[in-house]
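Descriptive structure summary
Below, each chain spelled out in residue letters.
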Amino acid sequence: LIRVVYSGRGMVSVFFVISGYVLSYKAIRLIRAQQYSMLLDSLASSTFRRGMRLFIPIAVSTFISMLFCRWGWYSRDPMGRNTIPSRRGDFWFQFKDWCGHVVRISNPLVDINGRDLYAPPYDGHLWTIPIEYRGSIIVFLALLCVAKLRPWLRLHVLVGMVFYSIWDSHWEVFLFLSGTLFCDIHFLAAS
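Okay, so let's go over this structure. (Residues numbered from 1 in each chain as written. Predicted model: local features only at pLDDT ≥ 70, side-chain atom pairs only at ≥ 80, totals over all residues. Heavy atoms only, no water.)

Turning our eyes to something else, we now look at the packing of aromatic side chains. According to the stated counting rule, one finds 15 aromatic pairs in the structure shown. Note on Phe55 and Tyr133: the rings are 5.2 Å apart at their centroids and 75 degrees apart in plane angle, and the pair reads as edge-to-face. Taken together, the positions of Phe55 in helix 3 (residues 36-71) and Tyr133 in helix 5 (residues 129-146) put the pair 78 residues apart, joining distant regions of the chain. Each member of the pair, Phe55 as well as Tyr133, is classed as buried. Aromatic pair Phe68 and Trp73: ring centres 5.2 Å apart, planes at 55 degrees, arrangement tilted. Taking relative accessible area as the criterion, Trp73 reaches 56% and is therefore assigned exposed. Here the aromatic residues Phe63, Phe91, Trp92, Phe95 and Trp98 are joined through ring pairs into a cluster of three or more. (Phe/Tyr/Trp six-rings, centres within 6.5 Å; stacked < 30°, edge-to-face > 60°. Helix = DSSP H or I, 4+ residues; strand = E, 2+ residues; numbered from the N terminus. Buried < 20%, exposed > 50% of the residue type's maximum accessible area, 1.4 Å probe, protein only.)

Turning our eyes to something else, we now look at the packing of helix 6 (residues 151-167) against helix 7 (residues 171-190). At a minimum axis distance of 8 Å, the contact between helix 6 and helix 7 shows a crossing angle of 160 degrees. One element, helix 6, and the other, helix 7, form an angle in the roughly antiparallel class. Seen from above, helix 6 lies across helix 7 with left-handed handedness. For the pair helix 6 and helix 7, the contacting residues are Arg154, Leu155, Leu158, Val159, Met161, Val162, Ser165 and Ile166 in the first and Trp171, Val173, Phe174, Leu177, Ser178, Thr180, Leu181, Asp184, Ile185 and Leu188 in the second. Residues of the contact of helix 6 with helix 7, tallied by class, amount to 13 nonpolar, 3 polar and 2 charged. (Axes fitted to C-alpha atoms, helices over the stretch in contact; angles between N-to-C directions. Parallel < 35°, antiparallel > 145°, perpendicular 65-115°, else oblique. Left-handed = near helix turned anticlockwise from the far one by under 90°. Contact = heavy atoms within 4.5 Å. Nonpolar A, V, L, I, M, F, W, Y, C, P; charged D, E, K, R; others polar.)

Its 36 residues give helix 3 an end-to-end C-alpha distance of 53 Å, which sits within 8% of 52 Å, the value for a rise of 1.5 Å per residue. Along helix 3, the helix axis deviates most sharply at Arg49, where the bend reaches about 30 degrees. Immediately beyond the C-terminal end of helix 3, within one or two residues, lies Gly72, with a positive phi of roughly 75 degrees. (Expected span 1.5 Å × (residues − 1). Bend = angle between axes of the 7 residues up to and from the residue.)

In this structure, Gln34 takes a positive phi of about 55 degrees despite not being glycine. Looking at where Gln34 falls in the secondary structure, it is placed in the loop between helix 2 (8-32) and helix 3. Look at Ser169: it is not a glycine, yet its phi comes out positive at around 65 degrees. Mapped onto the secondary structure, Ser169 falls in the loop between helix 6 and helix 7.

With that settled, the discussion passes to the pattern of salt bridges. Considering all chains together, one arrives at 4 salt bridges under this definition. Measuring nitrogen to oxygen at the nearest pair gives 3.6 Å for the salt bridge that ties Asp97 to Arg88. Classification of Arg88 as partly exposed rests on a relative accessible area of 37%. In this structure, Arg134 engages Glu172 in a salt bridge whose closest nitrogen and oxygen atoms are separated by 2.5 Å. Here the residue Arg134 occupies a position in helix 5, and Glu172 occupies one in helix 7, the gap between them amounting to 38 residues. (Salt bridge = Lys/Arg side-chain N within 4 Å of Asp/Glu carboxyl O.)

See the structure below:
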């Protein structure tokens, strides 16, 4: 149990639940106030901006990493735990390689089977980003689907979505929708 505090993968799971909660907060507040036109505007804006918020900083940081690789500014990790990107021919080939990885990591439809998650060579820690983007879209869609349900029915439908996602082995959807469910329960308890 103590290892969860410092283990990377465990903390990623906690982050996904928190992310589902935070992404749902404004929408559930608007749902409970029955401000459906504002809810639609909010969800549309959130959906549009989410990709930019996630992928623009990644494009910039991995471009810098590509430049460091190109200029030979990386040094080998003596323990062998961290990989560094490979140099590719001239600058143009390195740039095309970087572009391919940015396109691949920007794909929200990446296959997530728990074992073969894509870790881009220009920053392997970014394996969570396509999952974060997909989870965000699923949260927004789920909220749109349950927006006009009565509170008790909305809660039951969200519980059903959470259990279905884990039953169908979609651990990442389970975590995001659990955050959404916790957010709805939070508002229910506060009222």
